[in-house]
Amino acid sequence: MSGFGHYERDAVELEREILKRGFLLDLDWDDEVALRTMAREALTCTPECNMQMLRDPDPKRRARAELYALAMLMLEVMRQSAEIGVHTHGGPAWKAFGRALIEEADRLARDGSRA
């Protein structure tokens, strides 16, 4: 198990960075409506949209794009560790945002299938 410690370390570091962005954005990790709104934006924002946000002079817009990128990195860490049978998870902030991402992805899939 010692060779796989970097997954847990990566998850802890990503959680810390997610928390920093949340602090900058005045996020309440218990506000499901706000988190789902952000999750919807994260799921529908194109790479060009994210690049524009990253270049925006407004630090809150940049923090949003960074939060979305950090979420993708967390998902990748979790996917990679799962492939080798290692259970990796983030902390409370990631769990709240991850739950919102799952709920919004499900909603978008349902709504898209009706179109």
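These figures come from a predicted structure and were not determined experimentally.

The rules behind each value
Residues numbered from 1 in each chain as written. Predicted model: local features only at pLDDT ≥ 70, side-chain atom pairs only at ≥ 80, totals over all residues. Heavy atoms only, no water. Helix = DSSP H or I, 4+ residues; strand = E, 2+ residues; numbered from the N terminus. Rg over C-alpha atoms; globule rule 2.2 N^0.38 Å. Buried < 20%, exposed > 50% of the residue type's maximum accessible area, 1.4 Å probe, protein only. Polar contact = N/O pair within 3.5 Å; in protein donor to acceptor, adjacent residues only side chain to side chain. Contact = heavy atoms within 4.5 Å. Disulfide = S-S within 2.5 Å. Axes fitted to C-alpha atoms, helices over the stretch in contact; angles between N-to-C directions. Parallel < 35°, antiparallel > 145°, perpendicular 65-115°, else oblique. Nonpolar A, V, L, I, M, F, W, Y, C, P; charged D, E, K, R; others polar. Patch = residues over 30% accessible without salt bridge, like charges linked within 9 Å, V, L, I, M, F, W, Y side chains within 5 Å. Areas by Shrake-Rupley, 256 points an atom, 1.4 Å probe, with all protein chains shown as cover. Salt bridge = Lys/Arg side-chain N within 4 Å of Asp/Glu carboxyl O. Lys, Arg positive; Asp, Glu negative; His and termini not counted. Charge placed at Lys NZ, Arg CZ, Asp CG, Glu CD. Core = buried A, V, L, I, M, F, W, Y, C linked by side-chain atoms within 4.5 Å.

> Whenever I open this one, the overall build of the chain confuses me. Can you help?
A count of helices and strands for the chain gives five helices and zero strands. Element order for the chain, N to C, with α for helix and β for strand: α-α-α-α-α. Radius of gyration (C-alpha) of the chain: 15 Å, near the 13 Å computed for a compact globule of 115 residues. Considered along the principal axes of its C-alpha atoms, the chain spans approximately 45 × 40 × 30 Å. A buried classification covers 33% of the 115 residues belonging to the chain.

> Explanation requested: the side chain of Arg21 in the structure shown.
Here Arg21 lies in helix α1 (residues 5-24). A distance of 2.7 Å separates polar atoms of two side chains, one belonging to Arg21 and the other to Glu17. Those residues in contact with Arg21 that sit more than four places away from it in its chain are Ala63, Glu66, Leu67 and Leu70.

> Please clarify how the state of the cysteines should be interpreted in this entry.
Disulfides are covalent bonds that link the sulfur atoms of two cysteine residues. Applying the stated criterion across every chain, the model contains one disulfide. Here Cys45 pairs with Cys49 through a disulfide, and the sulfurs are 1.8 Å apart. On the sign convention where negative means left-handed, the S-S torsion of about -105° between Cys45 and Cys49 marks this disulfide as left-handed. Judged by relative accessible area, which is 12%, Cys45 ranks as buried. Overall, Cys49 belongs to the partly exposed group, its relative accessible area being 24%.

> For this particular structure, what's the right way to read the packing of helix α2 (residues 32-44) against helix α4 (residues 59-83)?
Relative placement of two packed helices is described by the angle separating their axes and the distance separating the axes. Packing of α2 against α4 brings their axes to within 10 Å, and their N-to-C directions diverge by 75°. Comparing their axes, α4 and α2 come out roughly perpendicular. On α4, the residues that touch Met38, Glu41 and Ala42 of α2 are Arg64, Leu67 and Tyr68. Looking at the contact of α2 with α4 residue by residue, the classes come out as four nonpolar, no polar and two charged.

> Help me understand the environment of Asp26, please; the structure alone is not making it clear to me.
Here Asp26 is to be found in the loop between α1 and α2. When its relative accessible area of 60% is taken as the criterion, Asp26 is described as exposed.

> Quick question: what am I supposed to make of a negative patch on the surface here?
Taken together, the side chains of Asp28, Asp30, Asp31 and Glu32 present a region of like negative charge at the surface. Summarising the element assignment, Asp31 is placed in the loop between α1 and α2.

> Help me understand the nonpolar core in this model?
Of all hydrophobic cores here, the largest spans 27 residues; its most connected members are Ile18, Trp29, Leu67 and Phe97. At the level of elements, α1, α2, α4 and α5 (92-114) are the ones that each hand at least two residues to this core. Look past the residues within four positions of Leu67 in its chain and what remains in contact with it is Ile18, Arg21, Leu25, Leu27, Met38 and Phe97.

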